[in-house]
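The primary structure of each chain is shown beneath.
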Amino acid sequence: QVQLVESGGGLVQAGGSLRLSCAASGRTFTTYGMGWFRQVPGKEREFVAGINRSGGSTIYADSVKGRFTISRDNAKNTVSLQMNSLKPEDTAVYYCAAGRRPLASTWSAYEHWGQGTQVTVSS
């Protein structure tokens, strides 16, 4: 099945930008909707952004709408999350996920997860 590896996390000052990437292995990437989630200790995993199989439709959490952009390149088996105007509350481990639903915002809709990449935003 598809395997996912995130990259691009790091430390950035508030107001700055980061671009996360998720590389997928296997030949079934285009059969999955993709999503980004984030999690901090003691809190539930939070939906950030989702994109359908073709990349023609996207959804965002209200907390990131207008600041983050999700995209995918099916020819390269990658999905990205461009994060602008970062805030300290964006600090979390960010996870890439793949699911069979066309477009989903709940963690239960996704079957495959990456290991995560740390994003830290300083004030």
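All of the points below concern the structure found in this document. (Residues numbered from 1 in each chain as written. Predicted model: local features only at pLDDT ≥ 70, side-chain atom pairs only at ≥ 80, totals over all residues. Heavy atoms only, no water.)

**Side note on the environment of T78**
Using the following cut-off: Numbering of helices and strands runs from the N terminus; a helix is a DSSP stretch of H or I covering at least four residues, while a strand is a stretch of E covering at least two. Here the term buried applies to any residue with accessible area under 20% of the maximum for its type, exposed to any over 50%, and partly exposed to those in between, with areas from a 1.4 Å probe on protein chains only. Contacts were defined at the residue level, with two residues in contact if any of their heavy atoms lie within 4.5 Å.
Relative to the elements of secondary structure, T78 occurs in strand β8 (residues 78-83). Given the relative accessible area of 23%, T78 is considered partly exposed. When near neighbours in sequence (up to four residues on either side) are disregarded, T78 contacts C22, A23, F29, S71, R72 and D73.

**Brief notes about the side chain of R72**
As a reminder, the rule being used: We treat Lys and Arg as the positive residues and Asp and Glu as the negative residues; His and chain ends play no part in the count. One speaks of a salt bridge when a side-chain nitrogen belonging to Lys or Arg is within 4 Å of a carboxyl oxygen belonging to Asp or Glu. We define a polar contact as two N or O atoms separated by no more than 3.5 Å, with the added condition that, inside protein, one atom must be a possible hydrogen donor and the other a possible acceptor, whereas residues neighbouring each other in sequence contribute only through side-chain atom pairs.
For R72, the position within the fold is in strand β7 (residues 68-73). Lacking a salt bridge, the buried R72 has D73 as its closest oppositely charged neighbour, with an N-O distance of 8.3 Å. From its side chain, R72 meets the backbone oxygen of R53 in a polar contact 3.5 Å long. One polar contact links R72 to N74, side chain to side chain, over a distance of 2.8 Å. If we ignore the near neighbours within four places in the chain, the residues touching R72 are F29, T30, Y32, G33, M34, I51, N52, R53, S54, G55, T78 and V79.

**Observations regarding the nonpolar core**
Our working rule: Here, the term nonpolar core denotes a set of buried Ala, Val, Leu, Ile, Met, Phe, Trp, Tyr and Cys residues that are joined through side-chain atoms within 4.5 Å.
Membership of the largest hydrophobic core comes to 34 residues, with the highest contact counts inside it found for M34, W36, L81, M83 and Y94. Of all elements in the fold, only β3 (18-25), β4 (33-39), β5 (46-51), β7, β8, β9 (92-99) and β11 (117-122) reach the threshold of two or more residues within this core. For this core, the element with the highest residue contribution is β9, accounting for five residues. Not counting residues within four places of it along the chain, the set of residues in contact with Y94 comprises E6, L20, W36, F37, R38, V48, F68, L81, M83, G116, T117 and V119.

**What about the sheet that holds strand β1 (residues 3-7)?**
For clarity, the cut-off: For two strands to be treated as a pair, DSSP must find at least two bridges joining them. Lines fitted to C-alpha atoms define the axes here, with helix axes fitted over just the stretch in contact, and angles between the N-to-C directions of these axes take values from 0 to 180 degrees.
Strand order in the open sheet made by the four strands is β1-β3-β8-β7, with antiparallel pairing throughout. In the strand order of this sheet, the two ends are held by β1 and β7, each with one partner. The sheet shows a mean angle of 15° between the axes of neighbouring strands, direction not considered. Pairing between β3 and β8: six bridges, direction antiparallel.

**Observations concerning the state of the cysteines**
The condition that has to hold: Cysteine sulfur atoms are paired as a disulfide whenever they fall within 2.5 Å.
Going through the model one piece at a time under the given rule, you end up with one disulfide. The disulfide partner of C22 is C96, and the gap between their sulfur atoms is 2.2 Å. The sign of the -85° torsion about the S-S bond sets the C22-C96 disulfide as left-handed. Taken as a pair, C22 in strand β3 and C96 in strand β9 lie far apart in primary sequence, 74 residues in all. The pair C22 / C96 is uniform in exposure class, with both members buried.

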